[in-house]
Each structure stands twice: as structure tokens, then as C-alpha cells.
Amino acid sequence: MDTTIFETHESNVRSYCRSFPVVFDYAKGSILKSVEGREYLDFFCGAGALNYGHNNDLFKQRILDYIEQDSIIHSLDMYSVAKADFIEYFVRDILAPRGLDYKLQFTGPTGTNAVEASLKLARKYTKRTNVFALNGCFHGMTLGALALTTDLQQRAGGGVPLQNVVHCPAPYQYGDEHALRAIEDLLTDDHSGVEKPAAIVIETVQAEGGIHVFSDTYLQGIRSICDRHDILMIVDDIQVGCGRTGTFFSFERAGIVPDMAILSKSISGYGLPFSLVLIKPQFDIWEPGEHSGTFRGNTLAMIAGKAALELVHSGEIDRGTQAREAIVKDFLTQRIAPMSPDFAVRGVGLIWGIDTKDGALADKIVRNCFESGLIIERAGRASQVVKLMPSLVIPEEQLLQGLAIIEAAVKDALGVA
Ligand SMILES: Cc1ncc(COP(=O)(O)O)c(C=O)c1O
């Protein structure tokens, strides 16, 4: 189908469509179809919003039943049966078995809105303005979240000075110990020039930053710094939560409990907009209505989200992700990494990256993939990392098919037989 309608009338800001310039019309599981009927395998998953694949039958049926009954669709933050069911299930079957006790804040539907809410609350609670984030992080595009986000081009788009955030070295830049020491020094050196922060905001895996997986000991180190210095630890689990790393919350592997955790993207299970801030009860000092929004609590997302949580609770997601992780890891370490001395492969669960150290090469690889029917994106500095993010429930045959496309695409880009 001709794409002129978009190019003529849609803002120049559009981005992913430039990498995948076809018109999509159908999606099921890990397959997308263009209007011409060409099939594409999805290793992108809506940047983490489709962990359980496209149009899952169970989630879809629940949504259809809910609509069929003329149940409430829009309710701001008024009480609804859909919300009661979601909360009950989330608390009983997701939080309680993990020993977690959080209040749920339903924010506006985008991840960045939930980040804004967590920043406001941390600043309000501690009465401090400064916040620490890490080099390479991505936390969203609205001004508060953008002040955390490190990509300089994206920051420039803000159009105003982005303030009240200090960026600290990431562990992959200087090693865990030195990176932790740098933060500790900023906090203890009375000539550091840096004011004590309200919070340290962190992803356990920098996803947009190039698939950098932080070690358990590093994450425990951050928890310990926050405890010792009376700083809130906020984990942004927007992209790597909801099972992506092999457990529902990405921080579970480190045995830590953040003071706030942020979920979005796959929390609705169905790709519907929905975000949550999880807040340890003692920090929930919001006044009624102090952070509001017309689309807080998307009831359709709650209906599908509860169905997704049932799937998570069955253990099927974690088991399946861990099994598929082994396949992807073996493939990358045995077949891709040896292809070039410059390559590094990194990842956990079902988020993996091929760091090619060369943005043009990574671009060629993802273009080759697209030509061969695979949707895959890039991340990191100079967009040099090819980012593999298949659905957590992708059938093994499709997973292997996608990996074979990547192998051929890398070979072609490197010009090897
Ligand atoms: C870790 C992280 N935080 C925040 C966001 C922003 O979420 P949204 O695009 O829904 O505003 C993203 C989006 O990719 C993300 O990956």
C-alpha cells in the first residue's frame, strides 16, 4: 500500500515507520501482516508492550465480553468492578507471593507519566529536588522524565534546561565497584558540589541504552546506598518488567525491594495503554488529586491485564522465557559473537543485544532482517546494538526462524559467506 498519506499529513516526528515502511493490518502471536499479505516475524514486540504476543485469544475474549456487557470503559479514577478485580488479583497473586507490599497508583497511561508521578512523590516525601540517574538511561520524554533520559538529541528536543538530575557513571563504564564508589563519594564528599538526591532512578537492564544488564551485586549496592543515605530507590520496570527478564519484576533476581517500582508497556497484556506506580505504603503521602489525569485507569487494559497476570501466575511465562533464553543465548554466543572480534552479545531473559560497535553496520543488519521478514530494532550509543526482543510466548519454530534470519543478515552485512 502506498504510504503517501502518512508522509503528507503526519508529523515529521514519526520514527519506527521509517525503519519498517509498510502498512500493517493484521497481527497474531508473533506474526504481523502487511496489507499486501506479507508476513513479518516480530522481534520488537512494541518495544516491550507485547510481551505475550499480539491478540492473545484469552485476553481478547475477556475484552470482548466486557464490551458486550456495556461495562464501564472510561471512569477517570472512579471505582469500577474492573479495577477492583485487577487490584485484588495483583495484590493476592503477584505481590503477596513475592512478599511485596505496595500501594498502587494508577497514573496517566504512558510510561513517562508514571515516571513523572514517582519523581514528584519522591521529591515531595524527601523535600529534596535533586535526583540521581545513570549514564545511558532512558526514562521517557516528558520534561521531568526527559531530565533523567540521557540521549542528547532527545534532551535537546525538550527546548528548556533540564535540571535537578545528576547523572552518575553506569557500572558497565567503570565496573560495579567503581560505579558504586562514585555515587557514594558524591554523597559523602562535602566538596562534591552535589546535593543529596530524593531518589536514585534506575533500570535493572538499560534497554534503550544498549542492553546493559546490571549485576545482582550492583543492584544490591544501590539498595544499600539508598538505605544508608535515606534516599528512595525507584526501579523503572517499564520495559523489562512483566516477565521480560525471566521473572515478573526484573529486580527479583537481585533479592531487592525498591521503594517505588514503575510498570507500564506489557502490564495490560494486550498493548493497551496502562501504567502503574507501586509505592511502599509509608511513602504514599499524596494528597487526593495531587497527580491526576483523564485517562488514569484504562478499564479495558485492566480486564486484559488481569488475564495476563493469570498467565504469569500459572508459571508458564517464567518457565517459557527461561527455556527460550537458553536458545537465544546459545545462538548469540556460538553463532553471532564469533563472527567479528568487535561484537559483544549481552542480555537476560528475552532481551538481548548484539553490540556491533558500528551504527552503520547495525543499521544494515536490521534492514536486511526487515527485507527477510523480521522486525527488529536498534538501541544504545550510535544505535549500534541490534536489539532482540521476541514475545515471551513465541513458538520455538518461529524463534529459530527469526534467529536464522538474523544470522544471514549479519553475514551479509559483514560480507562473509
Ligand atoms: C525504561 C523506560 N522508561 C520509560 C519509558 C517511557 O514510556 P512511554 O514511551 O510509554 O512514555 C520507556 C519507553 O520505552 C522505557 O523503556
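Throughout this document, residue positions are counted from 1 along each chain, in the order its sequence is written. Note on the predicted model: pLDDT of at least 70 is required for a residue's local features to be given, and 80 or more for side-chain atom pairs to be given and counted; whole-chain, interface and lining totals, by contrast, use all residues. Only heavy atoms go into the side-chain values, all of them from the structure, while hydrogens and water stay out.

Points about the site of the ligand
A cutoff of 4 Å decides nearness: a residue is near a molecule or strand if any of its heavy atoms lies inside that distance of it. Close contacts around the ligand come from Thr110, Gly111, Thr112, Phe138, His139, Gly140, Glu203, Asp236, Ile238, Gln239 and Lys265, and that covers them all. Here Asp236 contributes a side-chain N or O atom positioned 2.6 Å from a nitrogen atom of the ligand. Here a polar contact is taken to be a pair of N or O atoms separated by no more than 3.5 Å, where protein atoms must pair a possible hydrogen donor with a possible acceptor and residues adjacent in sequence count only if both atoms sit in side chains. Residue Gln239 places a side-chain N or O atom 2.7 Å away from an oxygen atom belonging to the ligand. Protein coverage of the free-state accessible area of the ligand, which is 390 Å², stands at 82%. Ten residue types, Ala, Val, Leu, Ile, Met, Phe, Trp, Tyr, Cys and Pro, are classed as nonpolar, four, Asp, Glu, Lys and Arg, as charged, and the remainder, Gly among them, as polar. Partitioned by chemical class, the residues of the shell around the ligand number 2 nonpolar, 6 polar and 3 charged. Note on areas: Shrake-Rupley with a 1.4 Å probe; residue coverage comes only from the protein chains shown.

Details of the sheet that holds strand S3 (residues 39-42)
Across the sheet, 4 strands lie side by side as S1-S2-S3-S15; this open sheet has mixed pairing. Lying at the two open borders of the sheet, with one neighbouring strand each, are strand S1 (24-28) and strand S15 (374-375). We treat two strands as partners when DSSP finds at least two bridges between them. Going along the chain from the N terminus, every DSSP run of H or I of four or more residues is numbered as a helix, and every run of E of two or more is numbered as a strand. Bridge analysis of S3 against S15 gives 2 bridges, and the strand direction is parallel. Bridging across to S15, Asp42 finds its partner in Ile375.

Here we look at the nonpolar core
Among buried residues, the Ala, Val, Leu, Ile, Met, Phe, Trp, Tyr and Cys ones that are joined through side-chain atoms within 4.5 Å form a nonpolar core. Under the scheme applied here, a residue whose accessible area is under 20% of the maximum for its type counts as buried, over 50% as exposed, and between as partly exposed, the area being computed with a 1.4 Å probe on protein chains only. Phe90, Phe248, Leu388 and Ile406 are the most contacted members of the largest nonpolar core, which has 86 residues in total. No other element matches helix H12 (residues 299-313), which puts 10 residues into this core.

Quick look at the domain arrangement of the protein chain
When the domains of the protein chain are assigned, the result is domain 1 (1-41), domain 2 (59-313) and domain 3 (324-344 + 359-373 + 395-412). Here the limits of each domain have been adopted from an automatic or database domain assignment. A straight line from the C-alpha centre of domain 2 to that of domain 3 covers 31 Å.

Observations concerning the pattern of salt bridges
Any Lys or Arg side-chain nitrogen located within 4 Å of an Asp or Glu carboxyl oxygen qualifies as a salt bridge. Evaluated as defined, the whole model comprises 22 salt bridges. The shortest N-O distance in the salt bridge between Asp230 and Arg128 comes to 3.7 Å. Of the two residues, Asp230 sits in the loop between helix H11 (216-229) and strand S10 (232-236) while Arg128 sits in the loop between helix H6 (111-126) and strand S5 (131-134), which places them 102 residues apart along the sequence. Since its relative accessible area comes to 52%, Asp230 is described here as exposed. The class for Arg128 is buried, based on a relative accessible area of 18%. Arg253 serves as the salt-bridge partner of Asp216, at 2.8 Å between the closest nitrogen and oxygen. With Asp216 in helix H11 and Arg253 in the loop between S10 and strand S11 (260-263), the pair connects residues that are 37 residues apart, well separated along the chain. Salt bridges sharing partners connect three or more residues here, namely Arg223, Asp227, Asp259 and Lys280.

Here we look at the pairing of S1
It is a general feature of regular strands that their side chains alternate between the two faces of the sheet. Sheet topology note: the S1/strand S2 (residues 31-34) ladder contains 4 bridges and is antiparallel. Of the residues in S2, the one forming a bridge with Lys28 is Ile31. Linking S1 to S2, which pair antiparallel, is a turn of 2 residues; within it Gly29 sits at a positive phi near 60 degrees.

A closer look at the environment of Pro390
With respect to the helices and strands, Pro390 occurs in the loop between strand S17 (385-388) and helix H15 (396-414). Note on Pro390: relative accessible area 2%, which makes it buried. Between the C-alpha atom of Pro390 and that of Gly157, which follows or precedes it by 233 residues, the distance is 30 Å. Beyond its immediate chain neighbours, meaning those up to four positions away, Pro390 contacts Asp42, Phe43, Cys45, Arg244, Leu350 and Leu399. Contacts are residue-level and defined by heavy atoms, with any inter-residue pair within 4.5 Å sufficient.

Section: the packing of aromatic side chains
For Phe, Tyr and Trp, rings pair up if their centres lie within 6.5 Å, where Trp contributes its six-membered ring, and each pair is then called stacked (planes under 30 degrees apart), edge-to-face (over 60) or tilted (otherwise). Counted under the stated rule, the structure contains 16 aromatic pairs. Consider the rings of Tyr40 and Phe370, whose centres lie 4.9 Å apart with planes at 15 degrees: the pair is stacked. You can see Tyr40 sitting in strand S3 and its partner Phe370 sitting in helix H14 (residues 359-371), a full 330 residues away along the chain. With centroids separated by 6.3 Å and ring planes inclined at 65 degrees, the aromatic side chains of Phe86 and Phe106 adopt a geometry described as edge-to-face. Residue Phe86 is located in helix H5 (residues 81-95), and its partner Phe106 is located in strand S4 (residues 103-106); the two are separated by 20 residues in the primary sequence. For the pair formed by Phe86 and Phe106, the shared burial category is buried. Ring-pair connections join several aromatic residues into one group, and the members of that group are Phe86, Phe90, Phe106, Phe248, Phe249, Phe251 and Phe274. The criterion for a charge sitting over a ring is simple: Lys NZ or Arg CZ within 6 Å of the ring centre, and within 35 degrees of the ring normal. For the cation-ring pair, Lys33 lies above Tyr26, with the distance from its terminal atom to the ring centre recorded as 5.0 Å. For Lys83, the ring lying beneath its charged end belongs to Phe106, and the centroid distance is 5.0 Å.

Some thoughts on the environment of Gln163
In this structure, Gln163 sits in the loop between helix H8 (152-156) and strand S6 (165-168). For Gln163, a relative accessible area of 51% translates into the label exposed. Along the primary structure Gln163 and Thr129 are separated by 34 residues, whereas in three dimensions their C-alpha atoms are 9.4 Å apart.

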